[in-house]
Amino acid sequence: MNITVTKPFMPPYSEYESYLYGIWEREWLTNNGPLLNELELRLKDLLEIEHLLVLSNGTIALQIAISALDLTGEIITTPFSYVATTSSILWESCDPVMVDIDSKTLNIDAAKIEKAITPKTTAILATHVFGNPCDIEQIGDIAKKHNLKVIYDAAHAFGVKYKGKSLLSYGDISTCSFHSTKLFHTIEGGSVSTQDPKILKRMAMMRNFGHSSATEFGDIGINGKNSEFHAAMGLCNLKYVPEILATRKIICDRYKVNLSDCTLKFQEIILEAEYNNAYCPVIFENEAILIKILKELNLNNIFPRRYFYPSLSELPYISGQNVPLAEDISRRILCLPLYHTLSIEEVDMICRIIKREIRYE
């Protein structure tokens, strides 16, 4: 059997099936159904946040966030994230201005943001890379000083806390992904959260084509809704979140212990963060050794992934970005297999192969 970089957590089939009877009986499949509403309420309780909307995916979440804040011109962002972060800015007719990353945390380097601000800058869109919190205080101070909005792409940050608060509670808007590869998933899905009820109301209209009533439209909208079938999967998975988090920590700790004497580095998680171990990235000394190890792992039916490669600054439709650290890190980083059913014996085998290849380098 192949060991892939990730596998979706699957609850007992009987638990999911139990929700299907109600869906069939109600014949209410989408359009803000009762399961979707229940999921939103239970997510807000679990995450201890006041406002959250479940959407069809994390990319729509980013696009709605940008639109709801009426952003134009330039948005300062990171080159080290999934492509949706950049493409969402472009879809909303804004220009991404990339600021280089911190080579230890892998997040946007807040100390470099101010130099990138111009009269056209309207916001900062920063990613909590692999769920590691950004420098929230410094980004907030810069935004306040220059009257900028802040959106956090928290696609990887489900369950993460910073200074005792959900990471989704920071910024003007935070977005999350509930894609099947995430530690909590609704098969496909995402969310937006904000502390501003006016922004929440606007985003709620936007996710439903802009409807303010059955026959009236209060805003430009899009189809960002999610279905009862997706909500059912989310409701099934919610009760397993503590178990999922605990298992992922055990696996990641095992990787770190096994590879502690190797010439590679792990991402540095910031202080005062309660981390979710969403991913297990390792940074090698150079790209050559990464490729060598990747090939050897593949020969053993082990398939890690090069997140995030290439740097978003190297996309064919992006130019003029000076981010040498992000481009360097993107060539040397590899995410190791991490999922709920991955065994410790499999982790040990992966580590033995990595250590052997590094030793023979």
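Treat the numbers as computed from the prediction; the structure is a model and nothing was measured.

### As for the sheet that holds strand 11 (residues 264–266)
At step 1: Taken in spatial order, the three strands make up an open sheet running 11-13-15, and their pairing is antiparallel. Strands at the two margins of the open sheet, each flanked by one partner only, are strand 11 and strand 15 (333–335). Pairwise comparison of adjacent strand axes, ignoring direction, gives a mean angle of 30° for this sheet.
At step 2: Alignment of strand 13 (residues 281–284) against strand 15, held across three bridges, turns out to be antiparallel. Looking across to strand 15, one finds that Pro281 is bridged to Cys335.

### Looking at the environment of Lys355
At step 1: Among the secondary structure elements, Lys355 is positioned in helix 12 (residues 344–359).
At step 2: The class of Lys355 is partly exposed, set by a relative accessible area of 24%.
At step 3: A C-alpha to C-alpha distance of 8.9 Å links Lys355 and Asn258, two positions 97 residues apart in sequence.
At step 4: Ignoring anything within four residues of it in the chain, the contact list for Lys355 reads Asn258, Leu259, Asp261 and Cys262.

### What about the sheet that holds strand 9 (residues 173–177)?
At step 1: Read from one edge to the other, the open sheet built from seven strands follows the order 2-10-9-6-5-3-4, with strand pairing classed as mixed. Looking at which strands have only one partner, the edges of the open sheet turn out to be strand 2 (52–55) and strand 4 (95–98). The sheet shows a mean angle of 25° between the axes of neighbouring strands, direction not considered.
At step 2: Of the strand pairs in this sheet, strand 3 (residues 74–77) and strand 4 are connected by four bridges, and their pairing is parallel. Directly across from Ile75, in strand 4, lies its bridge partner Pro96.
At step 3: Where helix 4 (residues 83–91) meets the sheet, its contacts fall on strand 3, strand 4, strand 5 (121–127) and strand 6 (149–153), and the angle it forms with strand 4 comes to roughly 140°.
At step 4: Each of strand 5 and strand 6 is contacted by helix 6 (residues 136–146), which is oriented at about 150° to strand 6, the strand it contacts most.

### A few points about the pattern of salt bridges
At step 1: Scanning the model with the defined rule gives 18 salt bridges in all.
At step 2: Its salt-bridge partner being Arg202, residue Asp70 comes within 3.0 Å of it at the nearest N-O pair. Of the two residues, Asp70 sits in the loop between helix 3 (58–68) and strand 3 while Arg202 sits in helix 7 (residues 197–206), which places them 132 residues apart along the sequence.
At step 3: When its relative accessible area of 52% is taken as the criterion, Asp70 is described as exposed.

### Concerning the packing of aromatic side chains
At step 1: By the definition in use, this model includes twelve aromatic pairs.
At step 2: Aromatic pair Phe130 and Tyr279: ring centres 5.2 Å apart, planes at 50°, arrangement tilted. Residue Phe130 is located in the loop between strand 5 and helix 6, and its partner Tyr279 is located in the loop between strand 12 (273–274) and strand 13; the two are separated by 149 residues in the primary sequence. Each member of the pair, Phe130 as well as Tyr279, is classed as buried.
At step 3: Cluster of aromatic residues (ring-pair linked, three or more members): Phe80, Phe130, Tyr279, Tyr307 and Phe308.
At step 4: Across from the ring centre of Tyr170, 4.8 Å away, lies the NZ or CZ of Lys165, which sits over that ring.
At step 5: Note that Arg306 overlies the ring of Tyr309, its terminal NZ or CZ placed 3.8 Å from the centroid.

### Brief notes about the packing of helix 2 (residues 34–47) against helix 8 (residues 228–238)
At step 1: Helix 8 packs onto helix 2 with a crossing angle of 35° between their chain directions and a minimal axis gap of 8 Å. The handedness of the crossing between helix 2 and helix 8 comes out as left-handed. Listed contacts from helix 8 to Pro34, Leu35, Leu36, Glu38, Leu39, Arg42, Leu43 and Leu46 of helix 2 are Glu228, Ala231, Ala232, Gly234, Leu235 and Leu238.

### Some points on the nonpolar core
At step 1: In terms of nonpolar packing, the biggest core is built from 72 residues, with Ile113, Phe130 and Ile139 touching the most fellow members.
At step 2: Ranked by the residues each element gives to this core, the list is headed by helix 8, at six residues.
At step 3: Of all hydrophobic cores here, the second largest spans 27 residues; its members include Ile3, Cys280, Leu338 and Ile350.

### As for the layout of surface pockets
Unoccupied space between atoms shows up once a probe the size of one water molecule is rolled over them.
At step 1: Considering only enclosed or pocket space, the largest pocket measures out at about 400 Å³ in volume.
At step 2: Tyr82, Ala155, Ser177, His179 and Lys182 are, among the 24 residues lining the largest pocket, the residues nearest its centre.
At step 3: Classifying every residue of the lining of the largest pocket by side-chain character gives eight nonpolar, twelve polar and four charged.

### What to know about the pairing of strand 9
At step 1: With respect to burial, strand 9 is a largely interior element, five of its five residues being buried.
At step 2: Of the two faces of strand 9, both are covered, the one formed by Ile173, Thr175 and Ser177 as well as the one formed by Ser174 and Cys176.
At step 3: Of the strand pairs in this sheet, strand 9 and strand 10 (residues 190–193) are connected by four bridges, and their pairing is antiparallel. For Ser174, the partnering residue across the bridge sits in strand 10 and is Ser193.

Cut-off values and rules
- Residues numbered from 1 in each chain as written.
- Predicted model: local features only at pLDDT ≥ 70, side-chain atom pairs only at ≥ 80, totals over all residues.
- Heavy atoms only, no water.
- Pairing = 2+ DSSP bridges.
- Helix = DSSP H or I, 4+ residues; strand = E, 2+ residues; numbered from the N terminus.
- Axes fitted to C-alpha atoms, helices over the stretch in contact; angles between N-to-C directions.
- Buried < 20%, exposed > 50% of the residue type's maximum accessible area, 1.4 Å probe, protein only.
- Contact = heavy atoms within 4.5 Å.
- Salt bridge = Lys/Arg side-chain N within 4 Å of Asp/Glu carboxyl O.
- Phe/Tyr/Trp six-rings, centres within 6.5 Å; stacked < 30°, edge-to-face > 60°.
- Lys NZ or Arg CZ within 6 Å of the ring centre and 35° of its normal.
- Left-handed = near helix turned anticlockwise from the far one by under 90°.
- Core = buried A, V, L, I, M, F, W, Y, C linked by side-chain atoms within 4.5 Å.
- 1 Å grid on protein atoms, 1.4 Å probe; cavity = no way out; pocket = protein on both sides within 12 Å on 5 of 7 lines; lining within 4 Å.
- Points joined across faces, edges and corners; volume = space filled by probe spheres on them.
- Nonpolar A, V, L, I, M, F, W, Y, C, P; charged D, E, K, R; others polar.

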